[in-house]
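Geometric and topological summary
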Amino acid sequence: MIEARQLLQCMAENVQISGSELARRFGVSRAAIWKQVENLRALGAPIHARAGSGYALRAPIELLDRDAVMAALPARMGERLESIAVHWQLDSTNSEMLRHAQQDGSGMAACLCEVQSAGRGRRGRSWHLPLGGGLAMSLLRKFEAPMSSLAGLSLVSGIAVVQALERLGFAGVQLKWPNDVQAKGRKLAGILVELGGDALGPCHAVIGIGINVRLDENAVRSIDQPWIDLACLGEGRTPDRNRLAAALFAELINILDEFERSTFAAFVDRYAAYDALKGRSVLASNGLGGKALGIDARGRLRVRTADGEVAVDSGEISVRGGAETT
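The structure presented is a predicted model; accordingly, all values stated were derived computationally and were not measured.

**Details of the side chain of T93**
Positionally, T93 belongs in helix α6 (residues 93–101). T93 sits in the buried class, given a relative accessible area of 3%. Among the polar contacts made by the side chain of T93, one reaches the side chain of S138 at a distance of 2.6 Å. With residues up to four places along the chain from it excluded, the contact list for T93 reads C111, L112, C113, Q116, A136, M137 and S138.

What follows is the structure in structure tokens.
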């Protein structure tokens, strides 16, 4: 039986290829090729078919490869990772790392996957990335400190994402409290941090990142908010996804080392440089509205209301006069 990854890899290596040629290469029937193509399309792969010409990808795809990610990591970063795995399909990369956290080992671990069957966003929302169009990845980091010391970790992780993208040449990326990465007012990436272990320490954090790289219009009709991808932000230019993953992991490892030595207070000014909400009129899901003033030393959103300043530590935030929400 032909594997979906093998078929997609073959298409990625050929500008155009017929069903009969694919059947010959893999030693299966044309019907088997057609069935697997339909499976890949259902997962969001941008496969175009034309009678008499064969199959072609509407956009280039670089499949994730563990060796390629490791090669793109600075040597000292690769040595820090106890394990790194690339999967074809998982329920979610965060779930995989939470399972990994229950095993022995004190170091960091990471994973990526091409297909998430149950990808999660904040507050239990589903998170979907079409096959080959984005990057789903998670990093597991263990801490000796209590969970309370990790306040602001998702915001620090957001800073790492923006800095990694800047190093790759993508400018104008901002952070929308508490866990969105934006560009031009549209969502580019999301961050989900999940904690486990002993509340008093030691504990662990799993940092999940989903980022839009090159989304195919036919595969994103279910997205219910304004979105943008790196292809649009880079005017058609996108980084190889393996290189992108390596850049994100490297930046995360660096910033988590710094975070462990301090608290979120040390990152307030850095966050302010990327703050997409500061100075804007916002409305919280609890009905509180006012002007966003920035982030405090605990990572809470400061809001000036008619009754004075209030610190918001959780909930939904919308920008007044706009449709964007967290």
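**Focus: the packing of aromatic side chains**
Summed over the entire model, instances satisfying the criterion amount to 1 aromatic pair. Note on F259 and F267: the rings are 6.1 Å apart at their centroids and 50° apart in plane angle, and the pair reads as tilted. Taking NZ or CZ as reference, R237 lies 4.3 Å from the ring centre of F170, over its face.

**Let's talk about α6**
Listed in full, the buried residues belonging to α6 are T93, N94, S95, M97, H100 and A101. Contacts from the buried residues of α6 go to β3 (81–90), β4 (108–116), β5 (134–143), β8 (186–197) and β9 (203–212).

**Digging into the packing of helix α1 (residues 4–12) against helix α2 (residues 19–26)**
Packing of α1 against α2 leaves a shortest axis separation of 12 Å and a crossing angle of 125°. With respect to each other, α1 and α2 are oriented oblique. Regarding α1 and α2, the two cross each other, and that crossing is right-handed. Residues Q6, L7, C10 and M11 of α1 touch α2, and the partners they reach there are L22, R25 and F26.

**Digging into the pattern of salt bridges**
Applying the stated criterion across every chain yields a total of 15 salt bridges. A salt bridge links R24 to E21; the shortest N-O distance between them is 2.7 Å. A residue pair is termed a helical-turn pair when its members lie 3 or 4 positions apart in one helix, as R24 and E21 do in helix α2 at 3 residues. R24 sits in the exposed class, given a relative accessible area of 59%. Judged by relative accessible area, which is 22%, E21 ranks as partly exposed.

**Concerning unusual backbone geometry**
With an omega dihedral of 5°, the bond running from W177 to P178 counts as a cis peptide bond. Note that the residue after G201, namely P202, is joined by a cis bond; omega there is -5°. Within the secondary structure layout, P202 lies in the loop between β8 and β9. Positioned with a positive phi, K184 is a non-glycine residue whose angle comes to about 55°. As for its placement among the helices and strands, K184 is situated in the loop between β7 (180–183) and β8. Not every positive phi belongs to a glycine, and E235 is a case in point at roughly 50°. Following the sequence through the fold, E235 ends up in the loop between α8 (230–233) and α9 (241–261).

**As for the pairing of β7**
Here β7 shows two buried faces, one formed by D180 and Q182 and the other by V181 and A183. Direction of pairing for strand β6 (residues 173–176) relative to β7: antiparallel, over a ladder of 4 bridges. Its bridge partner being in β7, Q174 is matched across the sheet by Q182. The hairpin turn running from β6 into β7, its antiparallel successor, is 3 residues long. Here β7 pairs with β8 via 4 bridges, running antiparallel.

**Structural notes on the side chain of S157**
Note on placement: S157 falls in helix α7 (residues 153–167). By relative accessible area, which is 0% here, S157 ends up buried. Residue contacts for S157: discarding those within four places in its chain leaves I191, V193, I207 and L252.

**Description of the sheet that holds strand β14 (residues 317–319)**
Hydrogen bonds along the backbone pair up the strands of a sheet, which may run parallel or antiparallel. Strand order in the open sheet formed by 5 strands is β13-β12-β11-β10-β14, and the pairing between neighbours is antiparallel. Every interior strand has two partners, whereas the edge strands, β13 (308–312) and β14, have only one. Between one strand axis and the next, the sheet turns through 45° on average, direction left out of account. When strand β12 (residues 301–305) meets β13, the two strands line up antiparallel, connected through 5 bridges. Within the sheet, the bridge partner assigned to T305 lies in β13 and is G308.

Scoring rules and cut-offs
- Residues numbered from 1 in each chain as written.
- Predicted model: local features only at pLDDT ≥ 70, side-chain atom pairs only at ≥ 80, totals over all residues.
- Heavy atoms only, no water.
- Helix = DSSP H or I, 4+ residues; strand = E, 2+ residues; numbered from the N terminus.
- Buried < 20%, exposed > 50% of the residue type's maximum accessible area, 1.4 Å probe, protein only.
- Polar contact = N/O pair within 3.5 Å; in protein donor to acceptor, adjacent residues only side chain to side chain.
- Contact = heavy atoms within 4.5 Å.
- Phe/Tyr/Trp six-rings, centres within 6.5 Å; stacked < 30°, edge-to-face > 60°.
- Lys NZ or Arg CZ within 6 Å of the ring centre and 35° of its normal.
- Axes fitted to C-alpha atoms, helices over the stretch in contact; angles between N-to-C directions.
- Parallel < 35°, antiparallel > 145°, perpendicular 65-115°, else oblique.
- Left-handed = near helix turned anticlockwise from the far one by under 90°.
- Salt bridge = Lys/Arg side-chain N within 4 Å of Asp/Glu carboxyl O.
- Pairing = 2+ DSSP bridges.

Function cannot be inferred from these measures alone, as they are strictly geometric.
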